[in-house]
Amino acid sequence: METVAEHVAFGGVQGVYRHASKATGCEMTFGLFLPAEARLHPVPLLWYLSGLTCTHENAMTKAHAQEHAARHGLAVVFPDTSPRGEGVADDDAYDLGQGAGFYVNATQAPWTPHFRMWDYIAEDLPRVLMANFALEEDRQAITGHSMGGHGALTLAMHMPARFASVSAFAPIANPTQSDWGRKQFAAYLGADESAWAAHDATLLMREQGLRSPLLIDQGSQDQFLDLLRPEALAEAMAARRQPGQFRMQAGYDHSYFFVASFMADHIAFHAQALAQ
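Residues numbered from 1 in each chain as written. Predicted model: local features only at pLDDT ≥ 70, side-chain atom pairs only at ≥ 80, totals over all residues. Heavy atoms only, no water.

1. Quick notes on the overall build of the protein
And step 1. A tally of regular secondary structure across the protein gives nine helices and nine strands.
And step 2. At 17 Å, the protein has a C-alpha radius of gyration in line with the 19 Å of a compact globule built from 276 residues.
And step 3. Expressed as lengths along the three principal axes of its C-alpha atoms, the size of the protein is roughly 50 × 45 × 35 Å.
And step 4. Taken across its 276 residues, the protein has 59% of its residues classed as buried. (Helix = DSSP H or I, 4+ residues; strand = E, 2+ residues; numbered from the N terminus. Rg over C-alpha atoms; globule rule 2.2 N^0.38 Å. Buried < 20%, exposed > 50% of the residue type's maximum accessible area, 1.4 Å probe, protein only.)

If you want it as structure tokens, here you go:
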């Protein structure tokens, strides 16, 4: 693992690191904030999964997570959203290829060799983090924005024992019924739509629900509401009587201004769950 940069922030350290990934078959870069407590003992870990077009850097510099994480003694990891580099498949569209991994394992050419972001987040990056930093493996939580909210919800529903809590900012809530999902799933997973269901938070909510505490924030003026389909997930939660909060925030759009506005709430939510 290579240290790209480290900066003191809110008494802790915001680092950027690079490593060779077994899952994606290429080098991957991630950001990691460690609070001051990590100098003395292992600390709980919050995963932040980013959205379309983002790298590790967007949320790291725009979400204002470090100050709130430091207050609660939490580490925050900011993974990249896809494999990158020479020889990695890409597309001219912003919503497919590099920057748009959708947190799935691709089964279709030309994406199969590198686009294994599910394995990267579920298995590969956790091994790297636990082997190199003072983190508590049994105290983890997860959140994300947009495509990352989709990833956070689906990972948490498939791995309930790993994540003490899950939250999302404007998640892509019903991708099998949205152009933000159908296009990518067809490319990465193939034409058989039965393979898509495991990566749709609304379908998973209907079928199995969620054991962990849940918080979702959605802006009422989000310019992508038709693509996100928050009403489908809210209806699935209500039908299942799923405990959790689904908050429609008046006037907010899809930007990092929205994310930063409610980041303190989300980190406090996860800190409470991790403390239990």
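2. Quick look at the pattern of salt bridges
And step 1. Within this structure, the stated rule accounts for eleven salt bridges.
And step 2. The salt bridge partner of R18 is E2, with a shortest N-O separation of 3.0 Å. One end of the pair, R18, is in strand β2 (residues 12-20); the other, E2, is in strand β1 (residues 2-9), and 16 residues separate them in sequence.
And step 3. R139 is paired through a salt bridge with E136; the nearest N and O atoms lie 2.8 Å apart.
And step 4. Each of D217, R247 and D265 takes part in a single network of salt bridges with overlapping partners. (Salt bridge = Lys/Arg side-chain N within 4 Å of Asp/Glu carboxyl O.)

3. Observations concerning the packing of aromatic side chains
And step 1. Tallied over the entire structure, the rule returns 14 aromatic pairs.
And step 2. A ring pair is formed by W180 and F224, whose centres lie 4.8 Å apart and whose planes are at 40 degrees; its orientation type is tilted. Pair noted here: W180 is in helix α5 (residues 179-189) and F224 is in the loop between β8 (214-219) and α7 (225-228), with a separation of 44 residues, a long-range link.
And step 3. In textbook terms, an aromatic cluster arises when at least three aromatic residues are bridged by ring pairs, as seen for F169, Y252, F258 and F262. (Phe/Tyr/Trp six-rings, centres within 6.5 Å; stacked < 30°, edge-to-face > 60°.)

4. Brief notes about the environment of T61
And step 1. Here T61 is to be found in helix α1 (residues 57-62).
And step 2. Residue classification places T61 among the partly exposed residues on the basis of a relative accessible area of 46%.
And step 3. Sequence separation of T61 and Y256 is 195 residues, and the distance between their C-alpha atoms is 9.9 Å.

5. Considering the sheet that holds β2
And step 1. Strand order in the open sheet formed by nine strands is β1-β2-β3-β5-β4-β6-β7-β8-β9, with mixed pairing between adjacent strands. Pairing within the sheet leaves two strands with one partner each, and these edge strands are β1 and β9 (245-249). Between one strand axis and the next, the sheet turns by 20 degrees as a mean value, whatever way the strands run.
And step 2. When strand β7 (residues 163-169) meets β8, the two strands line up parallel, connected through four bridges. Bridged to S167 within β8 is L215.
And step 3. On top of the sheet, helix α9 (residues 256-275) reaches β4 (43-49), β6 (135-144), β7, β8 and β9; it is set at about 165 degrees to β7, its chief contact. (Pairing = 2+ DSSP bridges. Axes fitted to C-alpha atoms, helices over the stretch in contact; angles between N-to-C directions. Contact = heavy atoms within 4.5 Å.)

6. Digging into the nonpolar core
And step 1. F30, L32, L129 and Y188 are the most contacted members of the largest nonpolar core, which totals 90 residues.
And step 2. Contact partners of Y188, with chain neighbours within four places excluded, come to L96, G97, A100, G101, F102, V104, A106, T107, Q108, W111 and F115. (Core = buried A, V, L, I, M, F, W, Y, C linked by side-chain atoms within 4.5 Å.)

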